[in-house]
Amino acid sequence: MSFFDSPLGEQLRSSLDAGKPEDIAAAVVVVKGKVWSGTVEPDQVDEVLAELQRQRQVQHVIDIADAATAVGSITTSGRRRYCQMLIESGALHAGELACAELLDLAEDAKERGEALGLLGRIRKQRYVTSRRSEDLIGAIAAYQFAYAGGGEPLWHGINLLALTTRAHRDGILVPQPVDTDALTRTLLDEVRQTAPELQEIWDTDGKVLAKIQEDP
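First things first, this report covers the structure right here in the doc.

Rules behind the numbers
- Residues numbered from 1 in each chain as written.
- Predicted model: local features only at pLDDT ≥ 70, side-chain atom pairs only at ≥ 80, totals over all residues.
- Heavy atoms only, no water.
- Axes fitted to C-alpha atoms, helices over the stretch in contact; angles between N-to-C directions.
- Helix = DSSP H or I, 4+ residues; strand = E, 2+ residues; numbered from the N terminus.
- Parallel < 35°, antiparallel > 145°, perpendicular 65-115°, else oblique.
- Left-handed = near helix turned anticlockwise from the far one by under 90°.
- Contact = heavy atoms within 4.5 Å.
- Nonpolar A, V, L, I, M, F, W, Y, C, P; charged D, E, K, R; others polar.
- Expected span 1.5 Å × (residues − 1).
- Phe/Tyr/Trp six-rings, centres within 6.5 Å; stacked < 30°, edge-to-face > 60°.
- Buried < 20%, exposed > 50% of the residue type's maximum accessible area, 1.4 Å probe, protein only.
- Lys NZ or Arg CZ within 6 Å of the ring centre and 35° of its normal.
- Core = buried A, V, L, I, M, F, W, Y, C linked by side-chain atoms within 4.5 Å.

As a further point, take the packing of helix H3 (residues 42–54) against helix H5 (residues 76–89). Contact pair H3 / H5: the axes reach a minimum separation of 9 Å and the direction vectors enclose 30°. Taken together, the axes of H3 and H5 lie roughly parallel to each other. Two packed elements cross with a definite hand, and for H3 against H5 that hand is left-handed. Within the contact between the two elements, H3 uses Asp46, Leu49, Ala50 and Gln53 and H5 uses Ser77, Gly78, Arg81, Gln84 and Met85. Of the residues that constitute the contact of H3 with H5, the class distribution is 3 nonpolar, 4 polar and 2 charged.

A rise of 1.5 Å per residue sets the reference length of H5, with its 14 residues, at 20 Å; its end C-alpha atoms lie 20 Å apart and thus fit the reference within 8%. Buried positions along H5 lie against H3, helix H4 (58–71), helix H6 (92–105) and helix H7 (109–130).

On to the packing of aromatic side chains, then. Scanning all chains against the criterion turns up 1 aromatic pair. On the numbers, 5.6 Å between centres and 85° between planes, the contact of Phe3 with Phe4 is edge-to-face. Like Phe4, Phe3 is buried. Across the ring face of Phe4, the terminal group of Arg13 is positioned such that the distance to the ring centre comes to 4.1 Å. Here the guanidinium or amino end of Arg131 rests over the ring plane of Tyr127, the centre of that ring lying 5.5 Å away.

The terminal C-alpha atoms of H3, which comprises 13 residues, lie 18 Å apart, in line with the 18 Å expected from a rise of 1.5 Å per residue. Gln44, Val45, Asp46, Val48, Leu49, Glu51, Leu52 and Gln53 are the residues of H3 that are buried. Lining the buried residues of H3 we find helix H1 (7–18), helix H2 (21–37), H4 and H5. Arg56, located one to two residues past H3, shows a positive phi value of around 60°.

Secondary-structure assignment places Glu96 in helix H6. Judged by its relative accessible area of 18%, Glu96 is buried. Here Glu96 is in contact with Leu119, Ile122, Arg123 and Arg126, once residues within four sequence places are set aside.

Before going further, it helps to spend a moment on the nonpolar core. Core analysis: the largest hydrophobic core is formed by 39 residues, its most contacted members being Phe3, Leu12, Val31, Val35 and Ile64. Secondary structure elements with two or more residues in this core: H1, H2, H3, H4, H5, H6, H7 and helix H8 (133–148). Sorting elements by how many residues they give to this core places H4 first, with 7 residues. Once residues lying within four places of it in the same chain are set aside, the contact partners of Val31 are Phe3, Leu8, Leu12, Val48 and Ile64. Core analysis: the second largest hydrophobic core is formed by 17 residues, Tyr143, Trp155, Leu160 and Leu183 among them.

The backbone phi angle of Arg56 is positive, close to 60°, even though this residue is not glycine. Mapped onto the fold, Arg56 is located in the loop between H3 and H4. Under the relative-accessibility criterion, Arg56 is labelled partly exposed at 47%. In this structure, Arg131 is a non-glycine residue whose phi angle is positive, near 60°.

What follows is the structure, encoded as structure tokens:
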């Protein structure tokens, strides 16, 4: 049964639709209590996290995912949402720990790519904040592994291209150099092979970043 078909689910949905923070918080407290008691199934937890994330309830996602992780009632996608919202909240160290755990538990290339992409995002944000070269190098390494590992390589490749170009402009030596010209051609080929009506944001970004690469 869907969680939102239950009385508690209906209460949470109603509070979210009404948009009153105090009512949402009250409903989340009850849901979290049920999660702690083990009476909410992992798939139902994922439903709750997905809806809360969709409605940008960052801290509530973190609170429920934290409880679900503690009692072992969280799915892989739930763990990923947990990582994403920790990053959104600015808790980069906690997010990195959660992402490392997600990476350890990944069962296929796509899941590993998602976890590595989140780790890259954390390190990228650290570089934006601190300008420490090791953070940019770490972000590039994460995207290199993700891009090489398959899964959904386009967005990893675009991040790899952008960050490698940034490292070059900032005078930072990358331990494992990236052939940005070859990477640009590969990404553009992939974008061109995607029908225009099927193209998403990363396809558009691929064109833009390729143009930046051509005209530094």
